[in-house]
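# Observations on the three-dimensional arrangement
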Amino acid sequence: MLIEIPNVLDANKLASIRDMLKKVEFIDGKHSAGQAASRVKNNQEMKQGTQQAEFLDHLLMGSLAENADFRSGALPYRVAQPVFARYTQGMLYGDHVDDPIMGSGPEKFRTDVSITVFLNDPDDYDGGELIINTTYGEKAVKLPAGSAVLYPSASVHRVTEITRGERLAAIVWLQSMVRDPGQRELLYQLDQARNQLLTDRPDAPETKQVDRSYVNLVRMWSDI
Ligand code: NI
């Protein structure tokens, strides 16, 4: 399941992020890819471990954590430091699946959900679509600045070649409390209905039934 989330970042935060990205150092993106992925990866990534990286990390992860759709769709358990990527003309990232395990030592975690946050306007560049293989075929995603897409880390995906301009995006990986993408999809849909019922008919018996079923399904399917 793909979940598109609009306005994860507002105009002010986007401006701060883009401002900061003009000042930071970018390095060849191959350094963070596994062996197979590095053969098809041609982009640049912001150098980690700097004060600027920490600032950007807090800004982005804070916004995601506040977003109810993100929490409901991803059910995050462990989250990686985001990667800020830049693609200039001629760059692309061929078909790959994301690394299954990230982090090191006790910080190690399984990647279940990948999130791409679009940081500049689609009119700023040609190409640069994120193409995700789904059960129903390929889906091309190119969203307005500040919007995000969630997809299973196991799905084959690619970024098409940039033929004009520059594409800026942040990528986040996380381990979900619920490993199975089908179960996460059911929970996401049930949560939508639950929230609507809690708003419209908070005291109705069916609202309580749906609410409790949701909560208990999360308990049943969580592998933490
Ligand atoms: Ni990827």
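Residues numbered from 1 in each chain as written. Predicted model: local features only at pLDDT ≥ 70, side-chain atom pairs only at ≥ 80, totals over all residues. Heavy atoms only, no water.

## Some details on the pattern of salt bridges
According to the stated counting rule, one finds 11 salt bridges in the structure shown. For Glu45, the salt bridge is made with Lys41, and the minimal N-O distance between the two is 2.6 Å. In this structure, the salt-bridge partner of Arg158 is Glu138, at a minimum N-O distance of 2.9 Å. Separated by 20 residues along the polypeptide, Arg158 in strand 15 (residues 157–159) and Glu138 in strand 13 (residues 137–141) bring together distant segments of the chain. For Arg158, a relative accessible area of 22% corresponds to the partly exposed category. One connected set of salt bridges, linked through shared partners, spans Asp95, Glu138 and Arg158. (Salt bridge = Lys/Arg side-chain N within 4 Å of Asp/Glu carboxyl O. Helix = DSSP H or I, 4+ residues; strand = E, 2+ residues; numbered from the N terminus. Buried < 20%, exposed > 50% of the residue type's maximum accessible area, 1.4 Å probe, protein only.)

## Things to note about the coordination of the nickel ion
Four donors placed tetrahedrally around a metal ideally meet at 109.5 degrees, and six donors placed octahedrally ideally meet at 90 or 180 degrees. Every protein donor of the nickel ion is accounted for by His96 (NE2), Asp98 (OD) and His157 (NE2), and the metal-donor separations fall at 2.1 Å. Coordination of the nickel ion draws on donor residues from a single chain, spaced H-x1-D-x58-H in sequence. Remark: His157 occurs in strand 15 and His96 occurs in strand 7 (residues 92–96); sequence separation between them is 61 residues. Its relative accessible area of 3% is what places His157 among the buried residues. (Donors = N, O, S within 2.8 Å, 3.2 Å for Na, K, Ca; no water.)

## Focus: the sheet that holds strand 7
Taking strand neighbours across the sheet as the criterion, the five strands line up as 3-7-15-12-13 in an open arrangement whose pairing is antiparallel. Two strands bound the open sheet, and with one partner strand each, they are strand 3 (41–42) and strand 13. Taken together, the five bridges between strand 12 (residues 130–134) and strand 13 define a ladder with antiparallel strand orientation. For Ile132, the partnering residue across the bridge sits in strand 13 and is Lys139. (Pairing = 2+ DSSP bridges.)

## What to know about the environment of Ala37
Inspection of the secondary structure assignment puts Ala37 in helix 2 (residues 35–38). For the pair Ala37 and Tyr93, spaced 56 residues apart in the sequence, the C-alpha separation amounts to 8.4 Å. Every residue in contact with Ala37, bar those within four places of it in the chain, is listed here: Tyr93 and His96. (Contact = heavy atoms within 4.5 Å.)

## Side note on the side chain of Arg184
Its location among the elements puts Arg184 in helix 5 (residues 181–200). Among the polar contacts listed, one links the side chain of Arg184 to the backbone oxygen of Arg179, at a separation of 3.0 Å. The residues contacting Arg184, other than those within four sequence positions of it, are Met1, Gly73, Ala74, Asp112, Val113, Pro152, Ser176, Val178 and Arg179. (Polar contact = N/O pair within 3.5 Å; in protein donor to acceptor, adjacent residues only side chain to side chain.)

## Brief notes about the domain arrangement of the chain
For the chain, the domain assignment lists domain 1 (3–176) and domain 2 (181–221). Between the C-alpha centres of domain 1 and domain 2 there is a distance of 29 Å. Taken together, the 10 residues of domain 1 in the interface contact seven residues of domain 2. Both faces considered, domain 1 and domain 2 share a buried interface measuring about 650 Å² in area, 57% of it formed by carbon and sulfur atoms. Contact with domain 2 buries surface across domain 1, with Ile3, Ser72 and Leu75 losing the most and accounting together for 57% of the total. (Domains from an automatic or database assignment. Buried area = accessible area lost by both parts, 1.4 Å probe.)

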